[in-house]
Structure formats: structure tokens, C-alpha cells
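Per-entry structural report
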2 protein chains.
Amino acid sequence: MLKKDISEAVIKRLPKYYRYLTDMEKLGVLKVSSKELSERMGLNASQIRQDFNCFGGFGQQGYGYNVKTLREQMANILGLLNSYRAVLVGAGNIGRAIINYAGFKESGFNIIAAFDMNEEMIGSNINGVEVYNVSQLQDYILKNQIDIAIIATPKAKAQQIADTVMDAGIKSIWNFATVDLKLKEDVCVENVHLSDSLNVLLYKTKSSLQK
Amino acid sequence: MLKKDISEAVIKRLPKYYRYLTDMEKLGVLKVSSKELSERMGLNASQIRQDFNCFGGFGQQGYGYNVKTLREQMANILGLLNSYRAVLVGAGNIGRAIINYAGFKESGFNIIAAFDMNEEMIGSNINGVEVYNVSQLQDYILKNQIDIAIIATPKAKAQQIADTVMDAGIKSIWNFATVDLKLKEDVCVENVHLSDSLNVLLYKTKSSLQK
């Protein structure tokens, strides 16, 4: 496997390749060259070839890539053919939106339980997902073969929840709390920091209004 | 102004500086050296000094930075002292979560109206924000001095909405639809692509489970 050497920048582009290839397949496109792909995606063609080479290349460039095959290979690399079991902690606005978001179903990503500390939430059901007391979190993870914990709690609670799920053996965290979690070395994280994203937008907005 | 030369990578770190400085100020920390800041943030000290130099440096390193002053300067650079008026298009799960999200109030960021095409949503009120028919979007922007459009529609509608708001003079888009928008040259965008983020997480999860 070559995977250990793949840089974060390449990894961040993989979902974009997958997305464009999926759209092209739906449109009935059969073959695509790295040049065409680069024009559609706004990347340069040599970067695309370099990225693909990290995974062994995917066939002869001269003839173009087979769109369907390439999409399937990309799905396999991304782990989308696998099935993952996730729990969500923090069933507030963001947490509920994540549970209700339809876009995840294709990815084999299943949220099977939610946890909250708010008595009014506990025992309720969000789009088929039951909300449990957060005091049951560790026990639930230990008994139910959970792969991923989604943290959508207020910032002040996030580290404590991260510690709890890591102690229960979780190796993968999707973090929506705007805080940089301290993680064990073998635990991976992907952050969605909405306030940071807004602040970047406001910076760009201010700069663009000053032009 | 030095701002034109600031790279995207530096811009992406600014909210993180602001966040750490805000937390430190709340904890009563008065002074911080670039070394201490680097340890807290997991960045290296020379990078921090380089980043700060993009904006003129913020005082003498040897004595450490004044936390309160530095936080204020960072807020000013980010444009958080300004006030912005935004409209949101697409009042589904994600759209409603954005409206309800409490973390934005400090940033001078005000969502003043929402738009949807769903008859059942139109006329409703989400946390004080009224939902209008999307057919009124362009007219509303023209009449109400709107700075920012938030796009939280399904993927297939997003480009059309982007075209509509740009035609009405919007220069800044916060895009939650998982699609790369085609934008006019002077329009800035910040993307929150949840499916891409999930796919990156699944890739990392798969890789970490294989170790």
C-alpha cells in the first residue's frame, strides 16, 4: 500500500474527484482525459496526474480514463464501499441537521444513535435516530461496534466528550465544535469549524468591499 | 495596505489566532510570546511571527504580545468589528441550523431574511427570521443593502441562486451546497462542503483501521 505517504492536500482533493466523476457518469460521459478533467475542475492537469499516481495511476493517460471505473476506484480509495457506524453527541441545531442531512446515505455512513444531556431531548427520536442520555455514551460504544463519533456539542464540552469516546476505543472523530481537540496519536479527526469559516468569509468580504 | 498579498493559507489561520486569543483573554492571560502561542496552538513560532508580519507585526516579540490588544487587532483584521447583513437561501435542515446557530452573534453577522421555494416554509419564522418566496430574492437584495448571501439549497439549485444574487450585486457568498460555484471575478466565496468533509473523514477512518 502506498497510502501512508499521501499528503493531507491530496486527501482533501479526493472527494472533489469523486464528486466530479459521479456527476460526469450521471451525464453519460464514458471517457475523460486529465486535460478535460482539469478544465472542469479548475485544477491543472499535471497535478491531477500526480495525484492519481499516488494511487498507482488508474490506466493509460493517452487514451483517457474510463469515468465509471475511475469513479469506482475513487469510491474504493475513499472507503465509500465500506459501511460505518457512527454516534452523534449533541443533538442541538447542528446535530439535528447532520442527522437529517440526506447527502450522507450514499457513503455507507450510518448514524445509529444520538446522545445529549438535555432531559427534554433524551428519549426523543430524530429521523429514526433515538436520543440517549450522554451518561450512557461510553457503554453504548463499547457494546455496539461504533466506528465514528460526531461531536456537535458546545465548545466547552467537546474535549470531555472526545476523551470519553477515545477511552471507549473510538479512532475517528468528526468534530463540529469550534475547538481543536487534543487527541491520542492513533485517532483521526476531521473538523468542520463553522465560526472559523464565517470569519474567513468576513475577512474576504471586508477585503473585497475595500477594493 | 499589505492585504492583497496575504495567502489563503494565512487567511485560514486568522480565525484560529482570534479564537485562541479570545480564550486566553477570558482566562485572564495578559501577555503571550510567539513561543507560548505556538505551544498552545500546535503551530511553529516562526510561522506565527511570519503570519503576524503580513499585518505589520503587532509589537515587539521579545516582550511578548499583549493578549487583549492582539485579539482586538485580529478582530479588526478579520472584519469582526464591522456589521454585515446576510440573506439565507434554502431553509432546509442546514439552513435552519445556520439561522439558529448562536456562535455567529459576536461576529456582527446578521441574517435578516431567508428564502425558500417550499410553499410550506414561506411565511414561517425561524428564530426571528422570516422566510420569503425565493422569487422575491433579487428584489429583496436590491432594496435592503445585503452584503452576503448564504446558499444552503440542494446542489442542483445552487448555481442558479448564485447567478441571481450576483446579478443583484452580491460580492460575497457562504456556500453550503456541495458544488463548486462559477463566480464572477470580484465575488468571494467560502465553502462548507459537508459531504466532502465526511468523505475525507471516511478515508482517514479506513486508513486508520487498516494500520
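So, here's what we can say about the structure. (Residues numbered from 1 in each chain as written. Chains lettered and ligands numbered in written order. Predicted model: local features only at pLDDT ≥ 70, side-chain atom pairs only at ≥ 80, totals over all residues. Heavy atoms only, no water.)

Comments concerning the overall build of chain A
When you go through chain A residue by residue, the secondary structure sums to eight helices and nine strands. The burial tally for chain A puts 52% of its 211 residues in the buried class. Long-range pairs, those at least 24 residues apart, make up 55% of the contacts in chain A with a sequence separation of at least 6. In the structure as shown, chain A presents an accessible area of about 10,100 Å², 48% of it carried by carbon and sulfur atoms. When the 25 positive and 22 negative side-chain charges of chain A are each reduced to one mean point, those points stand 7 Å apart. (Helix = DSSP H or I, 4+ residues; strand = E, 2+ residues; numbered from the N terminus. Buried < 20%, exposed > 50% of the residue type's maximum accessible area, 1.4 Å probe, protein only. Contact = heavy atoms within 4.5 Å. Areas by Shrake-Rupley, 256 points an atom, 1.4 Å probe, with all protein chains shown as cover. Lys, Arg positive; Asp, Glu negative; His and termini not counted. Charge placed at Lys NZ, Arg CZ, Asp CG, Glu CD.)

Here's the deal with the sheet that holds strand 8 (residues 172–175) of chain B
Pairing in this open sheet of seven strands is mixed, and the strands run 5-6-4-3-7-8-9 (chain B) from one edge to the other. Two strands close off the open sheet at either side, each with one partner strand: strand 5 (125–126) and strand 9 (188–191) of chain B. With four bridges connecting them, strand 3 (residues 84–89) of chain B and strand 7 (residues 148–151) of chain B associate as parallel partners. Note that in strand 7 of chain B the partner of Ala-86 of chain B across the bridge is Ile-148 of chain B. On top of the sheet, helix 8 (residues 194–210) of chain A reaches strand 3, strand 4 (109–116), strand 7, strand 8 and strand 9 of chain B; it is set at about 175° to strand 9 of chain B, its chief contact. (Pairing = 2+ DSSP bridges. Axes fitted to C-alpha atoms, helices over the stretch in contact; angles between N-to-C directions.)

Quick look at the interface of chain B and chain A
The interface of chain B with chain A comprises 63 residues on the first partner and 63 residues on the second. At the boundary of chain B and chain A, one finds 12 salt bridges. Among the ionic pairs, Lys-204 of chain A bridges to Glu-190 of chain B, the shortest N-O distance being 3.3 Å. Every element with two or more residues in the side of chain B that touches chain A is listed here: helix 1 (8–26), helix 4 (67–78), helix 5 (93–100), strand 8, strand 9 and helix 8 (194–210) of chain B. The greatest single-element share of the side of chain B that touches chain A, amounting to 17 residues, is contributed by helix 8 of chain B. Taken together, the residues of the side of chain B that touches chain A sort by class into 32 nonpolar, 17 polar and 14 charged. (Salt bridge = Lys/Arg side-chain N within 4 Å of Asp/Glu carboxyl O. Nonpolar A, V, L, I, M, F, W, Y, C, P; charged D, E, K, R; others polar.)

Observations regarding the packing of helix 1 of chain B against helix 3 (residues 45–53) of chain B
Residues and elements named next belong to chain B. Interaxial distance between helix 1 and helix 3 falls to 11 Å at its minimum, and their mutual angle equals 105°. For the element pair helix 1 / helix 3, the angle class is roughly perpendicular. Contacts from Val-10, Arg-13 and Tyr-17 of helix 1 reach helix 3 at Gln-47, Ile-48, Asp-51 and Phe-52. Considered class by class, the residues forming the contact of helix 1 with helix 3 number four nonpolar, one polar and two charged. (Parallel < 35°, antiparallel > 145°, perpendicular 65-115°, else oblique.)

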